[in-house]
Structures are given as structure tokens and as C-alpha cells.
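Each chain, written out:
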Amino acid sequence: MSTPANRSARRTSGNSDTPRAWQRMLSGRRLDLLDPSPLDIEIEDIAHGLSRVARWNGQTEGEWAFSVAQHSVLVERIAIRMRRDTPWKWRLAVLLHDAPEYVVGDLITPFKAAVGFDYKALENRLMTAVLLRFGLPGELPGDLRDLTKRADKVAAYLEATQLAGFAEAEAKRVFGRPRNFARLAGDMRLEPCPPQDAKRLFLQRFQELAPEAVRKPAHG
């Protein structure tokens, strides 16, 4: 009888007849993309990867790419402005909203649509494992998902007009100007930074939001 453990063993056994579906991380963890375990997820790996993943496929102004790590910190900051009474654990969930991209990268929206459901299913499995690893429920409340989406749209509009070459009129037509944009992000000025600085910013915010119990490396 085939069990999840047996299937995982076959995927990681090095059998040349089986396509490799795991990635080795700098922490030493070996993350199985088809069956990700929370125990194989470390915040250092996430921060390192996200700091090197470029938003907008790298088509942004400045000496450095605007990384997903910086974007994640930006979205969490905007979400707080939208709902200042958001509990700390849900702020952490917002910060981690793009965490799977440390493995799968930041696919632009048109490409995600072309890839279809299989990509989304993989991303969802990774997201669930990340949430569980850091003490959050695998399925987030609907109102929190809505808050994250709205903050993400504000961040995308800000990035589009400040970094990605979109004129205001074009951005309004393509993305739609978010409600209360001036109040939520009108005073923000984006400055892409080197990967090591983006990683530090992301980790610093994680340390501020995460309970002590989930800050440490997983055992095993």
C-alpha cells in the first residue's frame, strides 16, 4: 500500500526515474514541493529567497530590484493603516502573504493565468505549510484575506506608478486607483534596496510580530 511517507521517500530517494520535486535550502532543509512539511520551513530561508525575488519581473527603476521581501513589509504596513486594530498574529499572516514565492518565484499575473490551477494548488499547499509552521491556522479568516488583497492592490498601484513605469492615467486604467489611496500610501516613497538589506527588514518585522515560540528553527 502506498502511503504519503512512502511517496515522499520515493520523491527524495534520488531515483533517476522519478523527477526531483524537492529543493535544498541554505538552512539544510529539503523542502518537498509536492508535499511540503511545516518542519522543513525556516524563516531565514523565506527571507533569503524573497529578498532575491524581483517584483514586476525586475522591470523597475533603480540600481536594485524591488524585492518581494520589501513588498511584503510594504503590504503589512498598508494593512495596518487600513485596520489599525488588526491583532499581531494576523499582521504576521499579512507579512507572510507571499511567502511561497521564496520557492516558486513571483510569477506575473498574466503568466499565472496561463499556468492555471496546478500552479495555484501548489502555491496553496506551500502557503498552508508556512502558516502552520509559524503558529497560524492553515486556513485564514475571510476578512483577513480580503484585507490582505486590498492592501496588496494599494501596494501594487504604488509600485506601478513609482517604480514600474506606469503613468498615473495608465495605472488607473489597468489597475484601478484604490479607494483612499492618498490616505493609505500617498506619503510613501519606495526605494529599492540591496538584497541583504531587504532580508534584514523582512526578518526584523517578523521578529517584531512573531511569538517567541515560532522564531526558533524547527526541530527534526
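Keep in mind the model is a prediction, meaning the values are calculated, not measured.

Conventions adopted
Note on numbering: residues in each chain are counted from 1, in written sequence order. Since the coordinates come from a predicted model, pLDDT governs what is reported: local features require at least 70, and pairs of side-chain atoms require 80 or more to be given and counted, while whole-chain, interface and lining totals use all residues. Only hydrogens and water are set aside when side-chain values are computed; all heavy atoms of the structure are taken into account. Lines fitted to the C-alpha atoms define the axes, with helices restricted to the stretch that makes contact. Angles between their N-to-C directions range from 0 to 180 degrees. The numbering of helices and of strands both runs from the N terminus, where a helix is a DSSP run of H or I of at least 4 residues and a strand a run of E of at least 2. Angles are sorted into four bins: roughly parallel if under 35 degrees, roughly antiparallel if over 145, roughly perpendicular if 65 to 115, and oblique for all others. For any pair of crossing helices, the crossing counts as left-handed if the nearer helix is rotated counterclockwise from the farther one by less than a right angle, and right-handed if it is rotated clockwise. Throughout, a contact is declared for two residues whenever any of their heavy atoms are within 4.5 Å. Asp, Glu, Lys and Arg are counted as charged, while Ala, Val, Leu, Ile, Met, Phe, Trp, Tyr, Cys and Pro are counted as nonpolar; the rest, among them Gly, fall into the polar class. The definition of a polar contact used here is a pair of N or O atoms within 3.5 Å, where within protein one atom must be able to donate a hydrogen and the other to accept one, and adjacent residues in sequence count solely through side-chain atom pairs. When two rings of Phe, Tyr or Trp (its six-membered ring) have centres within 6.5 Å they constitute a pair, described as stacked for plane angles under 30 degrees, edge-to-face for angles over 60, and tilted for the intermediate range. Both a distance and an angle decide whether a charge sits over a ring: NZ of Lys or CZ of Arg must be within 6 Å of the ring centre and within 35 degrees of the ring normal.

Engineer: Whenever I open this one, the packing of helix α4 (residues 88-95) against helix α11 (residues 195-209) confuses me. Can you help?
Structural biologist: Angle between the axes and distance between the axes are the two parameters that describe a pair of packed helices. Interaxial distance between α4 and α11 falls to 9 Å at its minimum, and their mutual angle equals 155°. With respect to α11, the element α4 is oriented roughly antiparallel. Pair α4 / α11 crosses with left-handed handedness. Of the residues in α11, those in contact with Trp 88, Arg 91, Leu 92 and Leu 95 of α4 are Phe 202, Arg 205, Phe 206, Glu 208 and Leu 209. Across the contact of α4 with α11, the residue classes tally to 6 nonpolar, no polar and 3 charged.

Engineer: For this particular structure, what's the right way to read the side chain of Arg 81?
Structural biologist: Along the chain, Arg 81 falls in helix α3 (residues 68-82). Of the polar contacts made by the side chain of Arg 81, one reaches the backbone oxygen of Leu 184; its length is 3.0 Å. Apart from residues lying up to four places away in sequence, Arg 81 is in contact with Arg 183, Leu 184, Ala 185, Asp 187 and Met 188.

Engineer: Even after reading the chapter, I still don't get the packing of aromatic side chains, so can you show me in this structure?
Structural biologist: Given two aromatic rings, their pairing is described by the distance between the two centres and the angle made by the two planes. Enumeration according to the criterion identifies 5 aromatic pairs in this entry. Ring geometry for Trp 56 versus Phe 175: centroids 5.9 Å apart, planes at 85°, classification edge-to-face. In this pair, Trp 56 is assigned in the loop between α2 (43-50) and α3 and Phe 175 in helix α9 (residues 168-175), connecting sequence segments 119 residues apart. Here a set of aromatic residues connected by ring pairs shows up, and it is made of Trp 56, Phe 166 and Phe 175. Across the ring face of Trp 22, the terminal group of Arg 30 is positioned such that the distance to the ring centre comes to 4.5 Å.

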